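# Residue-level structural notes
As a plain string of letters, each chain reads:
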Amino acid sequence: MRVEVDGIGVEVPEGASLLTAARAAGAELPTLCHDDRIGPAGSCRACLVWADGSIAAACVAPAVAGARIETATDHVRELRRDAVELIASALPPRALAADDSELAEVCRSLGIGPGAARGAGGRGEDTSHPYVHLDRDLCIACGRCVRMCSEVQGTFALTLVGRGADTVVAPGTGGPWAESDCVACGGCVDTCPTGAITEPGPGSGLTSAHHAAAARTTRTTCGYCAVGCSLDVVTQDGDVTAVLPARDGPVNRGHACVKGRFAHGFLTSPERLTRPLLRRDGRLEPVGWDEALSRIAEGLGQAVAAGGPDAVAAISSARATNEENYLVQKFLRTVIGTNNVDNCSRLCHAPSAAGLTASFGLAGGTDSFDDVERADCFLVVGANPVEAHPVVGARLLQRTLRGARLLVADPRTVGLATDADVHLRPRPGTNVALFHGLAHVLLTEGLVDEDFLRERAAGLPELTELLADYPPDRVADLTGVPAPDLIAAARLYGRAERPAIVYGLGVTEHLHGTDGVRALANLAILRGAVGTGRGYGVNPLRGQNNVQGASDMGALPDTLPGYGKVTDPVARSRAEEVWEVRVPAGPGLRIPQMFAAARAGDLRALWVIGEDVCATDPDTNRVADALRACPLVICNELFLSETARHADVVLPAASWLEKDGTFVNFDRRFQRVRAAVAPPGEARTDFEAVHAVAAAMGVDLGCPTPSAALDECGRLAPVFAGLSHERLDREGAIPWPCPDADRPGEATLYTGRFATADGRAHLASCPYLPPGEQADDDYPLIMVTGRRLAHYNTGSMTRRTANLLLESTDWLDLHPDDADRYGLREGEPVTVESRHGEARLLTRISRAVSPGQVFCAFHFPASGVNRLTSDHADTVTSCPEYKVTAVRVTPLRHPA
Ligand SMILES: Nc1nc2c(c(=O)[nH]1)N[C@H]1C(S)=C(S)[C@@H](COP(=O)(O)OP(=O)(O)OC[C@H]3O[C@@H](n4cnc5c(=O)[nH]c(N)nc54)[C@H](O)[C@@H]3O)O[C@H]1N2
Ligand SMILES: Nc1nc2c(c(=O)[nH]1)N[C@H]1C(S)=C(S)[C@@H](COP(=O)(O)OP(=O)(O)OC[C@H]3O[C@@H](n4cnc5c(=O)[nH]c(N)nc54)[C@H](O)[C@@H]3O)O[C@H]1N2
Ligand code: SF4
Ligand code: FES
Ligand SMILES: [Mo]
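Residues numbered from 1 in each chain as written. Chains lettered and ligands numbered in written order. Predicted model: local features only at pLDDT ≥ 70, side-chain atom pairs only at ≥ 80, totals over all residues. Heavy atoms only, no water.

Before going further, it helps to spend a moment on the overall build of the protein. When its secondary structure is counted, the protein shows 31 helices and 36 strands. A compact globule built from 896 residues should have a C-alpha radius of gyration of about 29 Å, and the protein, at 28 Å, falls within 12% of that. By its C-alpha atoms, the protein is 85 × 75 × 70 Å across when sized along the principal axes. (Helix = DSSP H or I, 4+ residues; strand = E, 2+ residues; numbered from the N terminus. Rg over C-alpha atoms; globule rule 2.2 N^0.38 Å.)

Here it is, written out as structure tokens:
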């Protein structure tokens, strides 16, 4: 549609506002209550224009074809000036004293001087929250914060209260901010144009606009979860003063969460490791790098001499970059000569890699997250994105609020479950029966894509036969999900035009996790919702910032970079050509096998890089036994973790804000990671540390820089051949597969054929089998473990920030009926015992869990949650059964 702005003709899309038209024409129009991320309010009148003979607020007024807009007449300028002057006049002088806010900028542009602000103030502050401070006197009631909170974050924590000039933002709950529903995503801080809502700390009182303009900023990718938010890190004199969400971030689009946005205080924690540590006479003592490196080189040499290359193993880090992971596996395979390398994908989404590969051919999610904008029905299974992937959770919620249907399958009523059309609450460990029940309804009610099944899928006859055993009534008995709910959910998923499956660890961390992934994938295949553009297929919410990448880079015992099997001579010879050494042909040890080998005396050296196995692996008492039995344990760490305490050599590591490289997020996008600050003391990146260890053993690993490492990886893994740092710097995010430097990556997989041997999607006919642990008279409760919003895994980083004020301990959630049964009160300390160990937690009484089930996180290693979990693991991939542990709970009463 064509309109005319100040005599210039411009083309704008249908439904565009006059503001969009004015900007398209290059007209400079001030705005105050407007932010591109949220809907318009039209309340401040800073953007007044003259349109077809009348005055209009450009941000809200829609452009009509042929409209003539005037933005620069004296008359409209004066009207704007009057409007903003009136707003400014109610503010105290300090509102315009510093030229650091959007408001000050707008005033300047309208010729309003600092003297315009002459309000009395006196409305007071709210400084109760560790990350969000409110100065009521600077609030102009533009409502941007309120709209960010509802329209982007979906939390609805804020409201405007009062009347007329006294209107001011306030938490909807009425009390102090710290006690409100605020989830500290930072959206309000980021949008506030006046400095009324700001972040305390080094840049205290400064608005985001000021931060972005005044200091050095470094564009990087968040190093917490795998959403992969683009962040602009603001630094001054070598310290981080703020972290701002990038508006052009492909996944986050100007949003972030309490971890990426605020939890950077760990960087300067006095507990950061700044020097290598070496064990002498039983104690860890600081030493220089040379001494630590020669001890490592000597120890690795001795291990190989005594037990051969397979007496050495490494656990690589999903927190580290692709390039670091590439180098770690290269070191193990070429310098030591073993495939004994694994990463925490083993504990998390190894069943996704195995299951999705078996069903479709490749190990990643099937589609681009952008497709959620078109999906009309979400099936969210065993995932709590509101807490674990908050930016994804917010985008799913927004789609739901705008009309998409939402089905949630989770034993707990948390996060999205409270907004679901149907909430299925299966008993933990019964997913396979649940998914078969849904598939049964799809088949019997004819809600399947016959053409797709005929042309592109395999295994329908076998599945049809199996599903005869899973009618809704039987599934209700197996899972506890009422048959009518199951049928209702199946119909919604079955009748959707563009259905989407999003899932998490509630599917994978089970005895039959891979079967769960495959039975879930069946649903999308039955509907023809993969590889057809008619849905958002099957998408795991991968966990760690770079768990996808660590696996992509071959930090796995059975695959080389790009997923060539070590057992495949073709894949091996491609690597051998680039590395110029022979690659061992036998698959190496998986993480649990490494510990078993150590306990048996067969593993003589273990290098643990950025994983706190003594806190996060299951049955940690036995993990500690393994480390004690292993003659050499090396640990690269930011902090003296539980694992580092067991190590013989500890190398101080740089964190994500201190290094250069790339991460791969949950929807397979490569994004750049850039150092915003220098690592403390003698800490080095894992990249440098691996190079240094190789050098101490007399080997040059090649690829001296992260950029060279990614290039080399592309030479042996065709799926990454088109990627480079230089290209990522230019283009931003690029999904893999990306074989060509001059073609975009494949965001949506399988549009032509599936990557399986026969090119078809494979339906799986796996029967439901019960979980490994069952409740009984001794251990009557089923414990589920998982995540909470403010802390990240071991909490090693988040506990060393003000996030600790938001969540101060690990709680045990317990249904009120169970609290009565065991005589427990809110906040009471309890001993939790399982067949494997004991932990101490504080009780929280909650209806989010079902009677007979309890839930806790594992963010405070001192509470010992993983002493409880068992060594039961997924039968295909060895992923631990973290989601089902039988426990008993007793009050922890001190002797009188
Ligand atoms: N705040 C925060 N964010 C994180 C992390 C963190 O520690 N803190 N960790 C990151 C990592 S490493 C990962 S892998 C991801 C994990 O992200 P998620 O997979 O979302 O996390 P969890 O909370 O472990 O588990 C998800 C849900 O599975 C449910 N569940 C348990 N058993 C079953 C079952 O049998 N069936 C079904 N249908 N559901 C079940 C649980 O009730 C829980 O709500 O989060 C990442 N993001
Ligand atoms: N009970 C229970 N246990 C679980 C789970 C569960 O759901 N329930 N989930 C499992 C899952 S999915 C996962 S992924 C694991 C996560 O378990 P971990 O990987 O052990 O946990 P993290 O806290 O993410 O990070 C481990 C360590 O890496 C360090 N670190 C951070 N960045 C870097 C870096 O760049 N370099 C180096 N060298 N070190 C760094 C941190 O200080 C931290 O101590 O936990 C598993 N454990
Ligand atoms: S933790 Fe995840 S959702 Fe939060 S800012 Fe980082 S990448 Fe984004
Ligand atoms: S920016 Fe248009 S009315 Fe506020
Ligand atoms: Mo994870």
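On we go from here.
This part covers the pattern of salt bridges. Applying the stated criterion across every chain yields a total of 54 salt bridges. Between arginine 81 and glutamate 85 there is a salt bridge, with its nearest N and O atoms 3.2 Å apart. With arginine 81 and glutamate 85 both in helix 2 (residues 74-89) and 4 residues apart, this pair spans about one turn of that helix. Overall, glutamate 85 belongs to the partly exposed group, its relative accessible area being 27%. The salt bridge partner of aspartate 248 is arginine 219, with a shortest N-O separation of 3.0 Å. Residue aspartate 248 is found in the loop between strand 13 (239-245) and helix 8 (258-262), and its partner arginine 219 is found in strand 11 (residues 216-221); the two are separated by 29 residues along the sequence. For aspartate 248, a relative accessible area of 55% puts it in the exposed group. (Salt bridge = Lys/Arg side-chain N within 4 Å of Asp/Glu carboxyl O. Buried < 20%, exposed > 50% of the residue type's maximum accessible area, 1.4 Å probe, protein only.)

This part is about the nonpolar core. Nonpolar side chains tend toward joint burial in soluble globular proteins. Formed by 54 residues in total, the largest nonpolar core has its most connected members in Leu300, Phe331 and Phe670. If sequence neighbours within four positions are ignored, leucine 300 has contacts with Val312, Phe331, Ile336, Ala605, Leu632, Ile634, Val693 and Met697. Counting 53 residues, the second-largest nonpolar core is a separate cluster that includes Val381, Ala489, Leu520 and Leu749. (Core = buried A, V, L, I, M, F, W, Y, C linked by side-chain atoms within 4.5 Å. Contact = heavy atoms within 4.5 Å.)

Annotation of the protein at the domain level lists domain 1 (2-89), domain 2 (120-268), domain 3 (277-348 + 546-735), domain 4 (350-540) and domain 5 (781-891). Domain 2 and domain 3 are separated by 37 Å when their C-alpha centres are compared. On the side of domain 3, 20 residues touch domain 2, which itself brings 23 residues to the contact. Here domain 2 meets domain 3 over a buried area of about 1800 Å², counting both sides, of which 62% is carbon and sulfur. Of all residues in domain 2, Thr221, Phe266 and Leu267 bury the most surface against domain 3, accounting for 28% of the area lost on that side. (Domains from an automatic or database assignment. Buried area = accessible area lost by both parts, 1.4 Å probe.)

Another aspect to go through is the site of ligand 3. Around ligand 3 sit Cys222, Tyr224, Cys225, Val227, Gly228, Cys229, Ala256, Cys257, Lys259, Gly260, Pro390 and Val391, and those are all the residues in its vicinity. Counting only elements with at least two residues in the shell around ligand 3, the list comes to helix 8 and helix 13 (390-401). Among the residues forming the shell around ligand 3, the class breakdown is 9 nonpolar, 2 polar and 1 charged. (Near = heavy atom within 4 Å. Nonpolar A, V, L, I, M, F, W, Y, C, P; charged D, E, K, R; others polar.)

Moving on to the site of ligand 1. Looking at ligand 1, there are 34 residues lining it, with Ala388, Asp410, Arg787, His791 and Asn793 nearest. Here aspartate 410 contributes a side-chain N or O atom positioned 2.7 Å from an oxygen atom of ligand 1. Measuring from an oxygen atom of ligand 1, one finds a side-chain N or O atom of arginine 787 at 2.7 Å. Here ligand 1, which alone exposes 920 Å², has 99% of that area covered by the protein. Elements supplying a minimum of two residues to the shell around ligand 1: helix 12 (385-388), helix 19 (505-508) and strand 31 (781-786). (Polar contact = N/O pair within 3.5 Å; in protein donor to acceptor, adjacent residues only side chain to side chain. Areas by Shrake-Rupley, 256 points an atom, 1.4 Å probe, with all protein chains shown as cover.)

Taken as a whole and assessed by the stated rule, the structure comprises 14 aromatic pairs. With a centroid separation of 5.8 Å and an interplanar angle of 35°, the aromatic rings of phenylalanine 360 and tyrosine 750 are classed as tilted. Taken together, the positions of phenylalanine 360 in helix 11 (residues 350-360) and tyrosine 750 in the loop between strand 29 (734-735) and strand 30 (761-762) put the pair 390 residues apart, joining distant regions of the chain. The same class applies to phenylalanine 360 as to tyrosine 750, namely buried. Both rings, one in phenylalanine 452 and one in phenylalanine 754, keep their centres 6.1 Å apart while their planes meet at 85°; by these two values the pair is edge-to-face. Of this pair, phenylalanine 452 sits in helix 15 (residues 450-456) while phenylalanine 754 sits in the loop between strand 29 and strand 30; the two residues are 302 residues apart in sequence, bridging distant segments of the chain. For the residue pair phenylalanine 452 and phenylalanine 754, the accessibility class agrees, reading buried in each case. Aromatic rings pair up to connect Phe360, Phe452, Tyr750 and Phe754 into one cluster. Over the ring of tyrosine 470 we find arginine 474; its NZ or CZ atom is 5.2 Å from the centre of that ring. Above the ring of tryptophan 289, the side-chain terminus of arginine 684 is found at 4.0 Å from the ring centroid. (Phe/Tyr/Trp six-rings, centres within 6.5 Å; stacked < 30°, edge-to-face > 60°. Lys NZ or Arg CZ within 6 Å of the ring centre and 35° of its normal.)

Each strand in a sheet pairs with its neighbour through backbone hydrogen bonds, running either in the same direction (parallel) or in the opposite one (antiparallel). Pairing is parallel in the open sheet, where 5 strands are placed in the order 20-19-18-22-23. Strands at the two margins of the open sheet, each flanked by one partner only, are strand 20 (422-424) and strand 23 (536-540). Neighbour to neighbour, the strand axes of the sheet diverge by 10° on average, direction disregarded. Bridge analysis of strand 19 (residues 405-409) against strand 20 gives 3 bridges, and the strand direction is parallel. Each residue of the ladder has a partner; that of valine 408, found in strand 20, is histidine 423. The strands that helix 11 touches are strand 22 (499-503) and strand 23; relative to strand 23, the one it contacts most, it runs at about 155°. Each of strand 18 (377-381), strand 19 and strand 22 touches helix 13; the most contacted strand, strand 18, lies at about 140° to it. (Pairing = 2+ DSSP bridges. Axes fitted to C-alpha atoms, helices over the stretch in contact; angles between N-to-C directions.)

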